[in-house]
Structures are given as C-alpha cells and as structure tokens.
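Chain by chain, the residues:
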Amino acid sequence: MRTASVLLRSIADVKEFVNIMNKCEYDVDLVSGRYIVDAKSIMGIFSLDLAKPIAVNIHSDDCSELLEEIKKFSV
C-alpha cells in the first residue's frame, strides 16, 4: 500500500480526480480524520472536509503512473 496527500480545491478538481481514480484497477481510499471513503465515489469525496489535505491510500505497490497523474493535486 502507498500513501499520498492531496488537496482538492474545486468541483472541477474533484471531477478530474474521480476520473483518474476510475481508470485504476485496484482500490483507492481517501482518509480525512476518522472518515474513509472510496476515491472512485464523487459523492463520498464531497462528504469530506475539502478545506484540508486528504490522505490517499492506494492498495497497490505498482502505482507509479497513478502517483504521477495525481501529482498536480499533491500537497
């Protein structure tokens, strides 16, 4: 499992992030405080506090392409 931190500043960022996540074959979770949501769920993401950075848990060790794609959201 790999972990990164992202900040989704706008609705467009959330939509782009979800589109990137939906191309993944493995599970990806977002963790904000005590809440964990599926990173492929736009409704789940909007239930989080988007004013703060969010941890991204990628359930794969071979995810360098994904990390490169979400680099623009990295904190």
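You'll find the structure just up there.
Just so we're clear, the structure is a prediction, and the values are computed from it rather than from any experiment. (Residues numbered from 1 in each chain as written. Predicted model: local features only at pLDDT ≥ 70, side-chain atom pairs only at ≥ 80, totals over all residues. Heavy atoms only, no water.)

Time to look at the pattern of salt bridges. Counted according to the given criterion, the structure contains four salt bridges. The shortest N-O distance in the salt bridge between glutamate 16 and lysine 72 comes to 3.1 Å. Taken together, the positions of glutamate 16 in helix H1 (residues 11–21) and lysine 72 in the segment after helix H3 (64–69) put the pair 56 residues apart, joining distant regions of the chain. Using a relative accessible area of 31% as the deciding quantity, one classes glutamate 16 as partly exposed. (Salt bridge = Lys/Arg side-chain N within 4 Å of Asp/Glu carboxyl O. Helix = DSSP H or I, 4+ residues; strand = E, 2+ residues; numbered from the N terminus. Buried < 20%, exposed > 50% of the residue type's maximum accessible area, 1.4 Å probe, protein only.)

Moving on, we get to the pairing of strand E3 (residues 35–38). The pairing of strand E2 (residues 28–32) with E3 spans four bridges and is antiparallel. Along E3, the bridge assignment pairs aspartate 29 with aspartate 38. Counting the residues between successive antiparallel strands, the hairpin from E2 to E3 contains two residues, one of them, glycine 33, with a positive phi of roughly 65°. (Pairing = 2+ DSSP bridges.)

Moving on: the environment of isoleucine 70. Topologically, isoleucine 70 is positioned in the segment after H3. Overall, the relative accessible area of 0% leaves isoleucine 70 in the buried class. Separated by 50 residues in sequence, isoleucine 70 and isoleucine 20 have C-alpha atoms that sit 7.8 Å apart.

Right, let's talk about the environment of glutamate 69 for a bit. Structurally, glutamate 69 is set in helix H3. Taking the relative accessible area as the measure of exposure, glutamate 69 reaches 35% and is therefore partly exposed. Placed 48 residues apart in sequence, glutamate 69 and methionine 21 show a C-alpha to C-alpha distance of 9.6 Å. If sequence neighbours within four positions are ignored, glutamate 69 has contacts with Ile20 and Lys23. Within the structure, glutamate 69 has its side chain in polar contact with the side chain of lysine 23 (distance 3.2 Å). (Contact = heavy atoms within 4.5 Å. Polar contact = N/O pair within 3.5 Å; in protein donor to acceptor, adjacent residues only side chain to side chain.)

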